[in-house]
Amino acid sequence: MKFTEEHEWLRVEGDEVIVGITTHAAEQLGDVVFVELPDEGTVVSKDDEVVVIESVKAASDILAPIDGEITEVNSTLTDNPSMVNDDPQGEAWFFKLKFTDATQMDDFMDEAAYQKFIG
C-alpha cells in the first residue's frame, strides 16, 4: 500500500489502483455524513477533485492521486457514508482508477514513511 500527503491510501491491483482515505484522515474528519462519488468512465488528471466528503466537522475533497480513468466506485458509501469511519482502509474505498502511467506511483510514501509524516 502507498500513501499520499493528502492522507489517501493507494493499493495496486493489476493495472488499477484502489483509492481511499487513511484511518488518520477519517479520525480528523469525524463522523462522515455524506459522500459524493465520481461517475464511472470519468477520465481524471492528477490532483483533480474526484470525491466530496462531508462530516460533522468539515467538508473535504479527495483528489486523483494519478492520471487515469475511474473504472468502479464504491456506491455503498453513498447510502452508508459512516463506513468511512468504520473501515477507512478496507471496505470503505472510494474508487478504482485504471492508471495511464504506473511511474506516478513511485512518488508516494510507504507505510513507515507515512507514519513518520503524520507523527
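Residues numbered from 1 in each chain as written. Predicted model: local features only at pLDDT ≥ 70, side-chain atom pairs only at ≥ 80, totals over all residues. Heavy atoms only, no water.

> Help me understand the environment of L97, please; the structure alone is not making it clear to me.
Its place among the elements puts L97 in strand β9 (residues 95-99). For L97, a relative accessible area of 0% gives the class buried. For the pair L97 and S45, spaced 52 residues apart in the sequence, the C-alpha separation amounts to 11 Å. (Helix = DSSP H or I, 4+ residues; strand = E, 2+ residues; numbered from the N terminus. Buried < 20%, exposed > 50% of the residue type's maximum accessible area, 1.4 Å probe, protein only.)

> How do you make sense of the UniProt feature "modified residue: N6-lipoyllysine" (unreviewed entry) in the chain when you look at a structure like this?
The UniProt record annotates "modified residue: N6-lipoyllysine" (unreviewed entry) at K57. You can see K57 is positioned in the loop between β6 (49-55) and β7 (59-63). A relative accessible area of 61% means that K57 is categorised as exposed. With sequence-adjacent residues up to four places away left out, K57 is seen in contact with E27, Q28, L29 and G30. (UniProt positions renumbered as here; feature names shortened; annotations may be inferred. Contact = heavy atoms within 4.5 Å.)

> Whenever I open this one, the packing of aromatic side chains confuses me. Can you help?
Here the distance between the centres and the angle between the planes together describe a pair of aromatic rings. With the rule as written, the count across this model stands at two aromatic pairs. Each ring, one from F3 and one from Y114, has its centre 4.9 Å from the other, and the planes form 15 degrees; the classification is stacked. Highlighted residues: F3 in strand β1 (residues 2-3) and Y114 in helix α4 (residues 111-118), separated in sequence by 111 residues. Under the relative-accessibility criterion, F3 is labelled buried at 2%. On the accessibility criterion, Y114 (2% relative accessible area) is buried. A centroid spacing of 6.3 Å and a plane angle of 35 degrees characterise the contact between Y114 and F117, whose relative ring orientation is tilted. Taken together, the positions of Y114 and F117, both in helix α4 and three residues apart, correspond to about one turn of that helix. In this structure F117 comes out as partly exposed when scored by relative accessible area, which is 38%. One residue, K96, lies across the ring of W93, its end atom 5.3 Å from the ring centre. (Phe/Tyr/Trp six-rings, centres within 6.5 Å; stacked < 30°, edge-to-face > 60°. Lys NZ or Arg CZ within 6 Å of the ring centre and 35° of its normal.)

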